[in-house]
Structure formats: structure tokens, C-alpha cells
Amino acid sequence: MSTPPPPRALTCSPRPDPAEHAPAEGAFGWLHALGPRGRRAFGGAFGGYALDAYDYFTLPLTMVALSAYFGLNSGQTGLLTTVTLVVSAVGGALAGVLADRVGRVRALLLTVITYAVFTVACGFAPTYETLLVFRALQGLGFGGEWAVGAILVAEYASARHRGRTLGAVQSSWAVGWALAVIVYTMIFSLAGDDLAWRVMFWTGALPALLVVWVRRSVRDAPEAAAAREKSARRGSFTAIFRRGRPGSPGLLRTTLFAVLLSTGVQGGYYTLATWVPTYLKTERDLSVVGTGGYLAFLISGAFAGYLTGGHLTDRLGRRRNIWLFALLSAICVLAYTNIPSGADTAVLVLGFPLGFCMSAIFSGFGSYLSELYPTAVRGTGQGFTYNAGRAVGAVFPTTVGFLADGWGVGGALVFGAIGYGIAALALLGLPETRGKELE
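Cut-offs and rules
- Think of each chain on its own: its residues are numbered from 1, step by step along the sequence as written.
- Local features in this predicted model are restricted to residues of pLDDT 70 or higher, and side-chain atom pairs are both shown and tallied only at a pLDDT of 80 or more, whereas totals for entire chains, interfaces and linings draw on every residue.
- The basis for every side-chain value is the complete set of non-hydrogen atoms in the structure, without hydrogens or water.
- Grid spacing is 1 Å over the protein atoms alone, the probe is 1.4 Å, and a cavity is where that probe fits but cannot get out, while a pocket is an open set with protein on both sides within 12 Å along at least five of seven lines and lining residues have an atom within 4 Å of a point.
- Grid points are joined across faces, edges and corners, and a volume is the space filled by probe spheres set on the points.
- Numbering of helices and strands starts at the N terminus; helices are DSSP runs of H or I of at least 4 residues and strands are runs of E of at least 2.
- Residues were grouped as follows: Ala, Val, Leu, Ile, Met, Phe, Trp, Tyr, Cys and Pro as nonpolar; Asp, Glu, Lys and Arg as charged; and all remaining residues, including Gly, as polar.
- By definition here, a salt bridge exists when the distance from a side-chain nitrogen of Lys or Arg to a carboxyl oxygen of Asp or Glu is within 4 Å.
- Each residue is placed in one exposure class: buried if its accessible area under a 1.4 Å probe, protein chains only, is under 20% of its type's maximum, exposed if it is over 50%, and partly exposed if it falls in between.
- With axes taken as lines fitted to C-alpha atoms, and helix axes fitted only over the stretch in contact, angles between N-to-C directions fall between 0 and 180 degrees.
- In this scheme, roughly parallel covers angles under 35 degrees and roughly antiparallel covers those over 145, while 65 to 115 is roughly perpendicular and the rest are oblique.
- Here a crossing is taken to be left-handed if its near helix is turned anticlockwise relative to the far helix by less than a right angle, and right-handed if that turn runs clockwise.
- Whether two residues are in contact is decided by their heavy atoms: any pair within 4.5 Å suffices.
- Only residues above 30% relative accessible area that lack a salt bridge enter a patch, with like-charged residues linked at up to 9 Å and the nonpolar side chains Val, Leu, Ile, Met, Phe, Trp and Tyr linked at up to 5 Å.
- Reported accessibility uses the Shrake-Rupley method at a 1.4 Å probe radius. Residues are deemed covered only where the shown protein chains occlude them.
- Ring pairs shown here join Phe, Tyr and Trp side chains whose ring centres sit within 6.5 Å, with only the six-membered ring taken for Trp; geometry is labelled stacked below 30 degrees between planes, edge-to-face above 60, and tilted in between.
- Directions from the helix axis toward the C-beta atoms define the arc.
- Only buried Ala, Val, Leu, Ile, Met, Phe, Trp, Tyr and Cys residues count toward a nonpolar core, and they belong to the same one when joined by side-chain atoms within 4.5 Å.

Visitor: So what about empty space enclosed by the protein? Which residues, and what values?
Guide: Under the criterion given, the structure shown has two cavities of 30 Å³ or more. Taken as a whole, the largest cavity holds about 40 Å³ of empty space. What lines the largest cavity is Tyr-49, Gln-170, Trp-173, Tyr-269, Tyr-270, Tyr-306, Phe-362 and Tyr-386. At the level of secondary structure, the elements contributing two or more residues to the lining of the largest cavity comprise α6 (162–190) and α11 (252–282). A breakdown of the residues in the lining of the largest cavity according to their chemical character gives seven nonpolar, one polar and no charged. By volume, the second largest cavity amounts to about 30 Å³. Looking at the second largest cavity, the residues that line it are Gly-44, Leu-108, Leu-109, Val-112, Leu-210, Val-211 and Val-214. Of all the secondary structure elements, the ones that give two or more residues to the lining of the second largest cavity are α4 (104–122) and α8 (207–217).

Here it is in C-alpha cells:
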């Protein structure tokens, strides 16, 4: 007597072996549905993105100390973030092409090694200009890791669970952020600022441990790899900018609106991620430990937001989830930056919904961008659109830096709300893809 086959997975993912899979039900049904190989891929992507976040936040958390050490103004400190994000667009695009041409896992390893090496190098920088160069080179790896890891997992996940699965991968950003805050609090409590910022960057060597495990344990989804190898146009920039023709819709419109969507969401997010620690220390007069405590509420909200947004993007659809949290994020930014002086309890409490909303909007990105592109150019399309948006969105933190001298950091942070409005408008040019099988 035969048993019925399991639910159909992605056409490009490995056919699930009934003996390997537990029933895909319950709170962690999405994880069971991945199977052993998919869960290892999930672990690699989760760890890579968490450590990506850790290495990124070494800069925002040390910006006050860096500014004092090198004698920088707000515009120069903002430029450190902007150059990271702009160069990350190049790194992300190149990593996407590599993912389509040499495989997801190989590209993932290369991105992790790159951002780890140059984060450590930042700790040895003798001048501001040298730090700027090292931070830019760190952006090459930083830009590519998320897109490659998200695609790796998306090609194992079923259409039914893809949103929450990629939302869980996205939640690792909050884990890495929290780890960075914990290490920052310890280091800056034990060492003087002039040494502490260097030690903080040196701890960016942690991803080396992940590289060893990924190299030995993680593999590309077999059917996705086979489909990619059969295509003569894999990893082609020309393909994602091809205009539509009769019988062939083309990808130009998708690419342009996806870049605009990514610009808006990341412009708003990186404005907050970059400047909130400085805002808490300079305008709220919080100590190192106090800043860490307030950030804990923000990060807790972010972690909950990633997981909740992942579930909602499967229930509501990709577009509705982004629309909902674009609106709520803009409202939270305006509320957070207009809390009266002395009302620090309100700053503490409102940190949770702010972190929740600005992170929940990201949860659908991994699944949505994966579903907008076919397998042969999925890495190229997702890597380019996500990181081109990141590069353009990088203008936002620098703008806040220059405006902060006249408006104050709190007043300038309102500029980040504009990004969420841009994201909402971009959705008008993109289709809904919930439940779509990857091609």
C-alpha cells in the first residue's frame, strides 16, 4: 500500500524525500518542510546574515568614539555609512552574478570572507581616509551576503512557507545586531574609547568560524543548480534589463520598480540604524550602558517584527505586507523623534514598535525578490535590485548627517520617513507573487 506524496515543493528545489521530512504543520512547520539539506542551508544563511549585521553595526555603535578620535563632523561620520552602502551595491551585484554562475554556496562563502577581513582591517586604520577605504571594501562582502543567502534558502522552501522561512532568515539581522550591542557595551565599559573602537572592529573576525562549517556542510538546492546550469543566459545583466516583446514580457519594468522599492525601504531603515545610537547618546544624554538598554527594546522589536512580518507576508501577500508596514514605520519615526525632552520612558517604550515596524517590512523581501526573477538570473536580479536600492538609499544617512548640524539628529531623522513613502509608491508597478512556484 503506497503512501500519498508530500505537498509539491518549488519546481527548482530538490524533490523532498518522504523519509526525510516531518509534517509541515505547527509553528515550525516551515522549518521541517525544508528537509535536512534545506535546514543546513537555512543555518548557513541565518549565521551569515547575523554576522553580516554584527560587522555592519561595529560602525554605528562606535561612531561617537570615532568622531572624537579623528575629529570628524556629522557629515564625515555619515559618509562612512554612505560609502559602505554605495560600494555594497557593487558587491551585491557582483555576488548575484557569481551566485548564478558558480553557485549559491560558493558565492556565500566569498561574501562572508570579504566582509570579515575588511571589518578587522578597519580596526587597524591609522587615519580617517584609510578607515573610509577599508569600510568601502567591507561593503563589497556586506552587499552580497543577504541576497545570496536568501536565494539559497528560497530555492529549498515551498511556496506555502517561503515568506515565513525567509522572514526567519531576515530575523538573524536582529540577532547579529543584539550581539554587537552586547559586545559594544562590554568593550566600551572596560576600555577607553580610543582603544575600544579598534577592539570592536577586531571582533569582526567571528565569521571565520561560520565559513569552515558552511564549506563542509551546505550545498545548493540540486534542482535549482541543474536548472541554472542548463541556461546559457545565467548571470546576465542584459537579461534583467531586457524590454518586453510579444510573447516575452521582459524584466526591465520589474527591475526598475524593484530598485525603487528597495531604495525607499533601505533609505528609511539605514537612516534609523545609523543615527539612533548617536541620537540616544548626544540628544538624550544616555551613557554607554543606557544606550545599550534602550537599543535592547529597539532590537527586541526588530526580532519580533521579522518573524511576524514573515508570517503576514504569506497570509496578506507580499505587497499588502510592505504597504502596511511602510505606513506604520513612517508613523513610528515621526512619533519617536518628537518625544519631548525628559520623557525618556516614552523613548524606551516606543523603541519596541519602531524596531518592530521597520523590520517587519523587510520580511517579505527575500521571498518577493526571489519570486520576481527566473532561476537563471535570480541571483543577478535580486543582488542588483536590493543593492542598487541600498546604494541610492545610502544618500539618506549622509543627508541626515549634514542636516543634523542645524536641525539636531532627532529633527533630521524625520527625513527617513520619506523613504517609506517611496516604497509604497514603488509597489504600484510590481505584481503580487504570493504562492508562486519558482521557475
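Visitor: An account of the pattern of salt bridges is needed here, citing residue identities and associated values.
Guide: The tally for this structure, following the rule as stated, stands at seven salt bridges. The salt bridge involving Arg-162 is made with Glu-371; its shortest N-O contact spans 2.5 Å. Linking Arg-162 in helix α6 with Glu-371 in helix α15 (residues 365–372), this pair joins segments that are 209 residues apart in sequence. We note that Arg-162, like Glu-371, is buried. Linked through salt bridges whose partners overlap, the residues forming this network are Arg-162, Arg-164, Asp-314, Arg-318 and Glu-371.

Visitor: Now, about the packing of helix α2 (residues 35–70) against helix α3 (residues 74–102): what can you tell me, with residues and values included?
Guide: At a closest axis distance of 10 Å, the pairing of α2 and α3 adopts a crossing angle of 160°. Taken together, α2 and α3 sit at an angle that is classed as roughly antiparallel. Pair α2 / α3 crosses with right-handed handedness. Together, Tyr-56, Leu-59, Met-63, Leu-66 and Ser-67 of α2 and Thr-77, Leu-80, Thr-81 and Leu-85 of α3 make up the contact between the two elements. Split by residue class, the contact of α2 with α3 holds six nonpolar, three polar and no charged.

Visitor: For a nonpolar patch on the surface, give the residues involved together with the corresponding values.
Guide: On the surface, Leu-316, Leu-324, Leu-327, Leu-328 and Ile-331 cluster together into a nonpolar patch covering about 400 Å² of accessible area. Among the secondary structure elements, Leu-324 is positioned in helix α13 (residues 318–336).

Visitor: Can you lay out the packing of aromatic side chains for me, pointing to particular residues and giving the numbers?
Guide: Tallied over the entire structure, the rule returns 23 aromatic pairs. With centroids separated by 4.8 Å and ring planes inclined at 85°, the aromatic side chains of Tyr-69 and Phe-70 adopt a geometry described as edge-to-face. The exposure class of Phe-70 is buried, given its relative accessible area of 18%. Plain terms: the ring middles of Trp-146 and Tyr-386 are 4.0 Å apart, the flat faces sit at 25° to each other, and that makes the pair stacked. Taken as a pair, Trp-146 in helix α5 (residues 128–154) and Tyr-386 in helix α16 (residues 378–393) lie far apart in primary sequence, 240 residues in all. Of the residues examined, Trp-146 reaches a relative accessible area of 2% and is grouped as buried. Grouped by ring-pair contacts, the aromatic residues Tyr-49, Tyr-56, Phe-57, Phe-142, Trp-146, Trp-173, Trp-177, Tyr-269, Phe-362, Phe-365 and Tyr-386 constitute a single cluster.

Visitor: Any details on the environment of Leu-179? Residues and values, ideally.
Guide: Mapped onto the elements of the fold, Leu-179 is located in helix α6. Overall, Leu-179 belongs to the partly exposed group, its relative accessible area being 34%. Residues Leu-179 and Ala-53, 126 residues apart in the sequence, show an inter-C-alpha distance of 9.1 Å. Discounting residues that sit within four places of it in the chain, Leu-179 has contacts with Tyr-54 and Leu-206.

Visitor: Talk me through helix α9 (residues 222–230); I want residue IDs and the actual numbers.
Guide: Among all positions of α9, only Ala-224, Ala-225 and Arg-228 are buried. Mapping the buried residues of α9 onto a view down its axis gives an arc of 100°, with all of them on the same face. For α9, the secondary structure elements touched by its buried residues are α3 and α4.

Visitor: Give a description of the nonpolar core that names residues and reports values.
Guide: Counting 116 residues, the largest nonpolar core has Phe-57, Trp-173, Trp-177, Leu-261, Tyr-269, Phe-365 and Tyr-420 as its most contacted members. Looking at this core element by element, the count peaks at 15 residues for α2. Filtering out sequence-adjacent residues up to four positions away, Phe-57 remains in contact with Trp-173, Trp-177, Ala-180, Tyr-269 and Ala-273.

Visitor: Could you give an account of the environment of Phe-257, with specific residues and numbers?
Guide: Positionally, Phe-257 belongs in helix α11. Measuring from C-alpha to C-alpha, the distance between Phe-257 and Gly-429 comes to 6.0 Å, with 172 residues separating the pair along the chain. When near neighbours in sequence (up to four residues on either side) are disregarded, Phe-257 contacts Ala-426, Gly-429 and Leu-430.

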